[in-house]
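Chain residues, written in single-letter form:
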Amino acid sequence: MGEFKVHRIRFFDYMPSAIRAMAFSTRTERLALARADGALEIFNFSDNYFQEKVLPGHDGRAVEALCWVGPRLFSAGLNGEITEYDLENLRPRYTVDAYGGPIWTIGVNSQGTLLAVGCEDGTVKMFEVLKERIQFQRNLDRQRGRIISLSWHPSGTLIAAGMMDMIRIFDAETGRATHRLVVDRGAGASKSKEVVVWSIAFLSDYTIISSDSAGKVQIWDGLNGTLIRTHLITKWDVLALSVSQDESSLVAGTSEGTVVQFQFLSSTVDRLDKDWVRTRTFKNHSHDVRALAHTETAVVSGGMDTQLVVRPLLDKVEKNTRESAIRKVSFPHRSLVCCAKKAGVLLFQFPDHLELWRLGESDGYGKPGGSLPVKRGPEKLIQLKRKGEDHICCSALSPCGGWLAYSTVTSFRLYRLLNGSISICKVSKLPKDLRPAHQLCFSTDSSKLFASSSNSSVVVVALNEPECKYLGTLKAKYGCRQPVHLLSASENGKWLATANTDCEVHVYNLDKLKLHCTVPVYGSCPTAMAIHPTTSNLVVVHADQQIFEYSLVKKEYTEWSRRLQKQGLHSLWLERDTPITHVTFNPKNPAHIIVQDLFMFCIIDKSLHLLCVSLLEDHSLVVVERPLLDIVSQLPAPVRQKKFAT
């Protein structure tokens, strides 16, 4: 018999929503991404591309465009509203109706003082960016067709707007349209078929670049309003454009799933004049590329196939390094599955509902790496639909399988599961202090519920029938404002560890309901953590793949953790591009730390020279009794190439 009995879960049918828009902030190195269901995701590119925040979607929110104004994030959508988001409480801060019908595009001037939106009624509306809100300023000259795309000139004095069959240039100060650029329908196109200018870019030298539904990328002289050059790159739509900050490179995304790069180069070596030249074509998507972002070293793309792809530009990074590897983010960097160990029940979180499943059972014994005969298959017990239009942001299942909780940005709900999870009863009397939460966690004995709230605080509730009792609020040090994204309770019920997106880890004494200690801040965001059941050591794994062990009793890093940091982890371990999402321990061997990401399961054996790893990969358990510093080279080739090479 093998060391572990592994359940292979094949019935969690989670499907991410399509990517509709994205915006990259060079100031904070964060990418904001909007999905078709209204959800927003924030990726920290400076921290190993970690998905540090998720703002849940809403049934009535259809985001078409995103825009950063310094650290503030705005969106516009087909509901006709402009929304600013509260990135500390992970919810919309306020919405403003533009009163122009559906909004197709949004942009900010380089000074960060004015927002412009393009509306269905043919107007470009200007809003002044104030400290707390935005305020309507004026309309530019109204046009006959909808405004599909727009771009500010870096000086902030002109705006180029893409429409049906044309591009308009506006004077931002007077609001007057100064030029009308007619877009050619293309050879052989029907005269009755309009050309949609999907995206537009206004460069500092007054060059305008447009992409349209006729498959063209066109270069225009914005001062004279004349066409300079046309590049026909596809038979279908060119949906998105993005220009590098130094304006030397341009990428265009098509409905064929390709991304085409143009560079501003001399046509010959000895000539000084430059032109936009098509240089590369990337094929990383199966469907429409709806959104693009051009960073200093990479092209970021997303679309209908739901994948976020980071494609490094090899002329900007060193080849055969971690930075030169393509990254594909297909699933969230957080767990959407909760397990009730004692009851053998799983909870699956979807945006609009929860599913409760009972694990199957096996009969007999098998050989290590082999399959066991199934005695009873998995069974779907409950499907619980959310109430209201807000999507579910977090959920939890108690270890005994008797309690279930979930939260949206506006409501919190707690349920009692009865008769082996066959029936469910809503707990109607909840403490008034139990508000919508960012993260949920039950104590190991299922007697308490922990709900993270604003300012990194955690509400503690005792679970009783028919009424739950508020015990207190755990508060971090003054000044903590970022949301808690990780909660971990100790098995003995004494400790609770929290981690927020400011990389702060706080540990609370649940007997006294007070802050016990704060782990020294490390510069990378924690992605998973757990408290050892016998030693009370806190194990934390960060986005940069570093592992730390902190003694809660001594309030210092353990000797093993210090040796690990001094000697260092293997480079192939550190080059993994998927964050660890779960940490637990082997109850039969206290020296074993078990970690997992989206693709692998790994055992760290502290009793060996440094580390020992067991890897679950391709239906087999690979046990390697060597330090991590040289185990990677000893792994079977398929495992090594798939999981430890970029």
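Anyway, here's the lowdown on the structure attached to this text. The structure displayed is predicted, hence computed values, not measured ones.

Regular strands show a simple pattern: their side chains alternate between the two faces of the sheet. Of all the 5 residues making up strand 27 (residues 308-312), 4 are buried; the element is thus mostly covered by neighbouring parts of the structure. Hairpin connection, strand 26 (residues 298-303) to strand 27: the antiparallel pair is bridged by 4 residues, and threonine 306 has positive phi, about 75°. Strand direction decides the pairing type here: strand 27 and strand 28 (residues 327-329), joined by 3 bridges, are antiparallel. Following the sheet pairing, valine 310 is matched in strand 28 by arginine 327.

Glancing now at the pattern of salt bridges. Summed over all chains, the structure comprises 19 salt bridges. Across the pair aspartate 275 and arginine 229 runs a salt bridge, and its minimum N-O distance is 2.7 Å. Note that aspartate 275 is positioned in strand 24 (residues 274-283) and arginine 229 in strand 20 (residues 226-232), a separation of 46 residues in sequence. Residue arginine 280 pairs with aspartate 315 through a salt bridge whose shortest N-O separation is 3.8 Å. Of the two residues, arginine 280 is situated in strand 24 and aspartate 315 in the loop between strand 27 and strand 28; the sequence distance between them amounts to 35 residues. Several salt bridges share partner residues, and in doing so they unite Arg72, Glu84, Asp86 and Arg93 into one network.

Before going further, it helps to spend a moment on the sheet that holds strand 49 (residues 547-551). Taken together, the 4 strands give an open sheet; going across it, the order is 47-48-49-50, and neighbouring strands pair in antiparallel fashion. Across the chains shown, the open sheet's two edge strands, defined by having one partner strand only, are strand 47 (526-531) and strand 50 (556-557). Where strand 47 lies against strand 48 (residues 537-542), 5 bridges are found, and the strand directions are antiparallel. Directly across from alanine 530, in strand 48, lies its bridge partner valine 539. With respect to the sheet, helix 1 (residues 559-567) is in contact with strand 49 and strand 50, its orientation differing from that of strand 49 by roughly 155°.

With that settled, consider the sheet that holds strand 41 (residues 458-462). Spatial strand order, 39-40-41-42: 4 strands in an open sheet with antiparallel pairing. Looking at which strands have only one partner, the edges of the open sheet turn out to be strand 39 (439-442) and strand 42 (469-474). For this sheet, the mean angle separating the axes of adjacent strands, direction not counted, is 20°. Across 4 bridges, strand 39 lies against strand 40 (residues 448-452) in antiparallel orientation. Of the residues in strand 40, the one forming a bridge with glutamine 439 is serine 452.

Scoring rules and cut-offs
Position numbers for residues start from 1 in each chain and track the written sequence from start to end. Only residues with pLDDT of at least 70 get local features here, since the model is predicted, and only at 80 or more are side-chain atom pairs given and counted; chain-wide, interface and lining totals rely on the full set of residues. Remark: hydrogens and water are excluded; side-chain values derive from all non-hydrogen atoms of the structure. Remark: exposure states derive from per-residue accessible area (1.4 Å probe, protein chains only) relative to the maximum for the residue type, with buried under 20%, exposed over 50%, and partly exposed in between. Counting from the N terminus, the helices are the DSSP runs of H or I reaching at least four residues and the strands are the DSSP runs of E reaching at least two. Whether two strands pair depends on DSSP finding at least two bridges between them. For salt bridges, the criterion is a side-chain nitrogen of Lys or Arg within 4 Å of an Asp or Glu carboxyl oxygen. By the convention used here, residues are in contact when the closest approach between their heavy atoms is within 4.5 Å. In this analysis an axis means a line fitted to C-alpha atoms, helices contributing only their contacting stretch, and an angle means the value between N-to-C directions, from 0 to 180 degrees.

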